[in-house]
Amino acid sequence: SFGKLFKIYNVAVGGWNTERSTMVLHYDLLPEEMANPDIIINAHSTNEMHQNTIKEAQERNQSHWDAAFFMTQTFIRTVLKTKCMHRVDDEHHVDDDPPPLLL
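Residues numbered from 1 in each chain as written. Predicted model: local features only at pLDDT ≥ 70, side-chain atom pairs only at ≥ 80, totals over all residues. Heavy atoms only, no water.

1. Concerning the overall build of the chain
Thinking step 1. For the chain, the count of helices and strands is 4 helices and 2 strands.
Thinking step 2. Tracing the chain from N to C terminus, the helices and strands come up as α-β-α-α-α-β.
Thinking step 3. With 103 residues in all, the chain has 26% of them scored as buried.
Thinking step 4. For the chain, restricting intrachain contacts to residue pairs at least 6 apart in sequence, the fraction spanning at least 24 positions comes to 70%.
Thinking step 5. Working note: accessible area of the chain is about 7800 Å², and carbon and sulfur atoms make up 56% of it. (Helix = DSSP H or I, 4+ residues; strand = E, 2+ residues; numbered from the N terminus. Buried < 20%, exposed > 50% of the residue type's maximum accessible area, 1.4 Å probe, protein only. Contact = heavy atoms within 4.5 Å. Areas by Shrake-Rupley, 256 points an atom, 1.4 Å probe, with all protein chains shown as cover.)

As structure tokens, then:
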């Protein structure tokens, strides 16, 4: 059973794209028990193709490819620097934990 080796938290929200998930990390909206993950899987690929994402790209004068690339790049940078990924407790300090592995 995987539960004995590690915990899996699925925080997927139907219809969200990478841009929405970036905001969750940036504003530290994950529940406390999900702090300091070892691995984060960004699997928004089909939602990046959603017509709303394409429309938002057009409104920004971006190609769809450029918008998807920018959203993914921003997500990665947010994960690597966001304080919610490195909460401090009595035993750990920010510098003690490496950033999560991104898949």
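2. Focus on unusual backbone geometry
Thinking step 1. In this structure, Asp 28 takes a positive phi of about 55 degrees despite not being glycine.
Thinking step 2. Note that Asp 28 resides in the loop between helix H1 (18-26) and strand E1 (39-40).
Thinking step 3. A residue is classified by how much of its surface remains accessible, and Asp 28, at 35% relative accessible area, is partly exposed.

3. Details of H1
Thinking step 1. Among all positions of H1, only Thr 18, Ser 21, Thr 22, Val 24 and Leu 25 are buried. Down the axis of H1, the buried set is contained in an arc of 155 degrees. They therefore lie on one face.
Thinking step 2. The backbone nitrogen of Glu 19 has a side-chain oxygen 3.2 Å away, supplied by the residue at the start of H1, namely Asn 17.
Thinking step 3. A positive backbone phi angle near 55 degrees is found at Asp 28, which sits one or two residues after H1. (Arc of directions from axis to C-beta. Polar contact = N/O pair within 3.5 Å; in protein donor to acceptor, adjacent residues only side chain to side chain.)

4. Let's talk about the packing of helix H3 (residues 51-59) against helix H4 (residues 64-81)
Thinking step 1. One way to put it is that H3 packs onto H4 with a least axis distance of 9 Å and a crossing angle of 100 degrees. As judged from the angle between their axes, H3 and H4 are roughly perpendicular. Contacts between H3 and H4 pair Thr 53, Ile 54 and Ala 57 from the former with His 64, Ala 67 and Met 71 from the latter.
Thinking step 2. Of the residues assigned to the contact of H3 with H4, the class counts are 4 nonpolar, 2 polar and no charged. (Axes fitted to C-alpha atoms, helices over the stretch in contact; angles between N-to-C directions. Parallel < 35°, antiparallel > 145°, perpendicular 65-115°, else oblique. Nonpolar A, V, L, I, M, F, W, Y, C, P; charged D, E, K, R; others polar.)

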